[in-house]
Each structure stands twice: as C-alpha cells, then as structure tokens.
Amino acid sequence: MNILFIMYDQLRFDYLSCAGHPHLHTPNFDRVAARGVRFTNAYVQSPICGASRMSFYTGRYCASHGAQWNGYPLRVGEQTLGDHLRREGMACWLIGKTHMKADAEGMARLGLSPDSLIGARQAECGFDAWVRDDGLWGQGPDGFYDEKRSPYNEYLKSKGYPSDNPWADFANAGVDDEGNIASGWMFRHADKPANIREEDSETPWLTSRTIDFIDQATGPWCAHVSYIKPHWPYIVPAPYHDMYGANHVPAATRDAIERDDPHPVYGAYMNNRIAAAFQREEVRQKVIPAYMGLIKQCDDQLGRLLDHLEATGRMDETMIVLTSDHGDYLGDHWLGEKELFHDPSVKIPMILYDPRPEADATRGTTCDALVESIDLAATFVEAAGGTVPDHIIEGRSLLPWLHGQTPAWRQFVISEYDYSSTPVCAQLGLEPRDARLFMVFDGRFKLIHAEGGLRPMLFDLATDPQEFHDLAKGDAHGDEMARLYGCLHQWGLRLSQRVTRSEAEIKAGRGRSGRRGILPFLYDGSEVPEELVAKYLGRAPARYLDEE
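Residues numbered from 1 in each chain as written. Predicted model: local features only at pLDDT ≥ 70, side-chain atom pairs only at ≥ 80, totals over all residues. Heavy atoms only, no water.

Caption draft 1: Examining the sheet that holds strand 15 (residues 371-372) more closely. An order of 12-3-15 is seen for the 3 strands of this open sheet, with the pairing classed as mixed. Only two strands of the sheet have a single neighbouring strand rather than two, namely strand 12 (347-348) and strand 15. Where strand 3 (residues 42-43) meets strand 15, 2 bridges bridge the pair, whose relative direction is parallel. Bridge pairing links Tyr 43 to Glu 372 in strand 15. (Pairing = 2+ DSSP bridges. Helix = DSSP H or I, 4+ residues; strand = E, 2+ residues; numbered from the N terminus.)

Caption draft 2: Looking closely at the side chain of Glu 78. In this fold, Glu 78 is placed in the loop between helix 3 (62-65) and helix 4 (81-87). At 3.0 Å, the side chain of Glu 78 forms a polar contact with the side chain of Arg 75. Once you skip the residues sitting within four places of it in the chain, Glu 78 turns out to touch Thr 58, Arg 60, Ser 64, His 65 and Asp 83. (Polar contact = N/O pair within 3.5 Å; in protein donor to acceptor, adjacent residues only side chain to side chain. Contact = heavy atoms within 4.5 Å.)

Caption draft 3: The arrangement of the nonpolar core in detail. Among the nonpolar cores identified, the biggest contains 75 residues, and Phe 5, Phe 39 and Tyr 419 are the most heavily contacted of them. Look past the residues within four positions of Phe 5 in its chain and what remains in contact with it is Phe 56, Tyr 57, Leu 81, Cys 222, Ala 223, His 224, Val 225, Val 321, Thr 323, Leu 376 and Phe 380. Counting 59 residues, the second-largest nonpolar core is a separate cluster that includes Val 32, Tyr 152, Ala 217 and Val 283. (Core = buried A, V, L, I, M, F, W, Y, C linked by side-chain atoms within 4.5 Å. Buried < 20%, exposed > 50% of the residue type's maximum accessible area, 1.4 Å probe, protein only.)

Caption draft 4: Quick peek at the sheet that holds strand 18 (residues 445-450). Across the sheet, which stays open at both edges, the 4 strands sit in the order 16-17-18-19 with antiparallel pairing between neighbours. Of all strands in the sheet, those bounded by a partner on one side alone are strand 16 (413-418) and strand 19 (457-460). Taking each pair of neighbouring strands and ignoring which way they run, the sheet shows an average axis angle of 15°. Taken together, the 6 bridges between strand 16 and strand 17 (residues 436-441) define a ladder with antiparallel strand orientation. Directly across from Ser 415, in strand 17, lies its bridge partner Met 439. Across the face of the sheet, helix 17 (residues 478-492) comes into contact with strand 16, strand 17, strand 18 and strand 19 while running at roughly 65° to strand 18. (Axes fitted to C-alpha atoms, helices over the stretch in contact; angles between N-to-C directions.)

Caption draft 5: Quick look at the packing of helix 1 (residues 27-35) against helix 12 (residues 281-311). Relative to each other, helix 1 and helix 12 sit at 50°, their axes nearing to 7 Å. On the basis of the axis angle, helix 1 is oblique to helix 12. From helix 1, Pro 27, Asn 28, Phe 29, Arg 31, Val 32 and Arg 35 reach across to helix 12, where they touch Lys 296, Asp 299, Asp 300, Leu 302, Gly 303, Leu 306, Asp 307 and Glu 310. Of the residues that constitute the contact of helix 1 with helix 12, the class distribution is 5 nonpolar, 2 polar and 7 charged. (Parallel < 35°, antiparallel > 145°, perpendicular 65-115°, else oblique. Nonpolar A, V, L, I, M, F, W, Y, C, P; charged D, E, K, R; others polar.)

Caption draft 6: How the structure looks around the layout of surface pockets. By volume, the largest pocket amounts to about 1,100 Å³. Elements with a minimum of two residues in the lining of the largest pocket: strand 6 (139-140), helix 10 (264-270), helix 11 (273-278) and helix 16 (423-427). Examining the composition of the lining of the largest pocket, we find that 4 residues originate from one element, helix 11, more than from any other. The residue makeup of the lining of the largest pocket, split by class, is 17 nonpolar, 12 polar and 5 charged. For the second largest pocket, the calculated volume is near 610 Å³. In terms of lining residues, the second largest pocket is bounded by 25 residues, among which Met 100, Lys 101, Arg 132, Asp 146 and Lys 148 are the most central. (1 Å grid on protein atoms, 1.4 Å probe; cavity = no way out; pocket = protein on both sides within 12 Å on 5 of 7 lines; lining within 4 Å. Points joined across faces, edges and corners; volume = space filled by probe spheres on them.)

Everything listed here is a matter of geometry and, on its own, says nothing about what the molecule does.
Here is the structure:
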C-alpha cells in the first residue's frame, strides 16, 4: 500500500463543507471523508508552522525534538518518517513544503556532507525530495526570506513571467487601476485576482508535480504533498477571487469580556499589529473571501489528484490523509494568524482513507477521539506493516479507529508554544527560557499553563464552546485546574529521550551479561544455573604460583 500524505498550510478545521461550513462547498474533501474517517478532535503539538511540522514528521512532542519555532534546526540524528518507513521497505518522498531547517552545525561536526545521500536526507527532514519549495519568497532590504532555490519561481520564469521574483510579482500580487503591482502582502488587495494564469499558480503547480511523481513511482511509497495555501498572502487567481463575498463572511467569534483583564500573554497578542489588522472589519471582509477562494482552489486540485488515482487504478492501493499544520484566527478572539490555543488556531482537519477491506465498516463516519498530530507517524509505520517504535514515536496509531475497533485511548491532548523569538517575550520582560505555554485539553476543559510566573487560563468548552470566559480569573474551578495540572505532570514524566533502546530490547537484554561470563557477587556458584559457571569450574589448567 502507498500513502498520500497531504498537508495544507493554515487550513482551519471548520472551513470544509464536511465540517459544517455554511457557504464553502468542498466536494473533494467530502469525497475522501465519505470513503474514510473524519477525526473531529485533532490537535497539533504546536500552533506554529515549523514546530508543528517537526512533530508531524518525527511523531514526537516539541519538548522532545526541540525544534520549537520556525527556523530552529531539527537536530541531526532525530529520526523522522523517512527513517521509520524506509526500515519497512517504503520510500518516503517530499513534494512541497517542510519549513525544516537543517542542523548544519551538527552535520559538520559529524562530517556529513549535504551532497551525500545521508546528508541530503538529514537536510530535508528525512525525506527524499522530489521537489521542495517552502513557498515564501519574500524579498526585502536584507535579501530573500528563504535563501534556498525556488523551483516554483524557476517554473514561472520558464513560462515567460518577466520578473526576478515572479512569486511576488505575479503569483501573489494583482494589478491596481493604475497598472501598479497590488501586492498580496497588503490586505486591501485581497479581493483582486492574482496576476497569473490559474493553471500556473502555486496549488495547481504542486498538484502537477505530484502527478508527475505518481506516474513514475514504483511502490510502496509515502508521498508527503505539502501545499503552501491557503496560507497568506491572501490573494488568489481568477475565477476564485470573487467566488465569495461579504455575505459569506461570518461575524467574528469574539466578545468584549475577552479584553477585560486578559491573561498577560493573550493581552499582548490582542494588541499586536496582526491582531490590530484583523480587528478591522474591512480587513476581514477582504481577507476571508480570498481565504475561502484559496481553499476552493485546493479542493479542486485535490479533485485532480483523486481523479488521477482512480484513472490509473491506484485509488484502491493508496491510503490518503488530509490535514493541516495549524489553523487561522481570521479575527476570532480579537486575533489574526495562529500561535495561541483557541480551537481556530490549534485544532485541525484530519481525514484518513484506508482502502483495505478492514476499514469498510467505518467509511463515511466521524470519530471524536482525542487525536494528536504525532499519531500520523505511528499510523504510517503500522500501515507499512511495521511495529511502532514507541520508545521513539510518542503518537499512537489511528488504524484501530479506522478498522472499527475501540482501543484504550488517551484522556487528554497536549500542545506547546515557545514564544521566546517573538516581541511578546521582550514586552513581558521574560527570559527566553520562560516564554513557554502548554495546553492540556481533556475534551471539555482546556488549561493553558504559562511559565515565567504568569497565571494559567482555563476554559470549559461544554458551557462555553466559543472559549470566551477564562475561568482561571476566579477561584471556583480549583479542582478542575488541579486535575489538569496532574495531567500535565503525568505528561511531563513521560519517557521521551531513551530512544536507542526499546522496551523489548531492554527485556531481552536482562541477564545477558551472565550468559557472557559476567558473574559478580557469587559465594560458591550455586546461586546461578550451572551452565553459567561452567567455564569457571573444574581442574585448573596449570599451577603457576610458587609454592613455599
């Protein structure tokens, strides 16, 4: 069996028609959901791109792999999907974005050349790269945001787009009434069509590269197809730019009580430049229709992939996974972007289709088990026929749920956020080591612990599903907070760094030294089986001591 692991960037869990969106029709996401299982309580291990993706790829919590912010290198030697799947005879390929930064210092220390096979895999998060393009080719006074080559920019140049950076000048910009560039970086331009042929825009381009890969692939393979959209810049080519309008923009999910004595970290984020922009209704009226258009384009391109799998006879031999690295506030809770722990940010879509007969009983169903993004790594290893190395991978396989079983399951999910690289850390006067947040969610109560001597936050999603009322401001929920702190303590005691010995290896190794002749603490040898002391009994071969 093959695995088509599709990730969209910044796709909210509730912006799909199968998840109940009132206006956005996504028939191809729905098509996969109708053949598989849609997990309705899936959470990322960090609501920021890089840290979240490193958890997807390693199957480990952020505190375990350590790459807790964009641009933080994933340390050399950290095992990822490629390492685990290749052991099971499955190739593991990247098509698109990883947001992974190589541990160049660690590679140099070990003498690993990035031009070697091992070095290239270390530099590409364990994947073999069919095409890597992280998709943010911003350019400013200090040069490009991303210093690697852009295969997408090279493609656009080959198609005749006259620019040194057609990603910025065409794919993510329109044209204003005076013939000037209407950059997608400016929200006021979000309702303009991107100045590019739709078939040359980012999402169709990556879909075509995926089809190229599928057509030449021999299995079994895992292909991680990682789209940059619907991530900002919020601008989309025609005809998607005007499919949605102001009548499709929901009222922002926010309440004045959230601004009344907010948690210091939350308050700082509500007052930053991103939040200020999304608190303006004219921004939401422009951005959200463009965001929906980007999702609609993603759905149409997913349809291309599904049709190709069916036309080539691969649908029945390919597991399909649809998910996202985090959500997007879009003005909810007085915020933009992601980064904190309200559901629009930390909760993600997750749809799995398993073509095998064992999954027939669950097709078209939903599952409300508490799922973490790290569960996909475990799922893929088991789907490839392997045993999950649970001393390394901290997630749990979802195959039992897909196959109609009800396994004993986790009682809470964890997400982490290290904001030490942000202005909020300095604004609050915190040292980098103290700028950390931890979310514990048990399906009803959501606790956010803040390091640095700051108070926690608490929400009851049963009585307050919109997460407006911070119950930690009062003292009426001490028991719930103590219970959830107990969950956080339990998680903190997990065994996460003993990655070179499995439980089975430890058990099998007990007593092995005795069978190799290491027998301390014996009086006469009768304490152990005779075979262990056989080499130390019997006649001496010779006498070499001088006798008096």
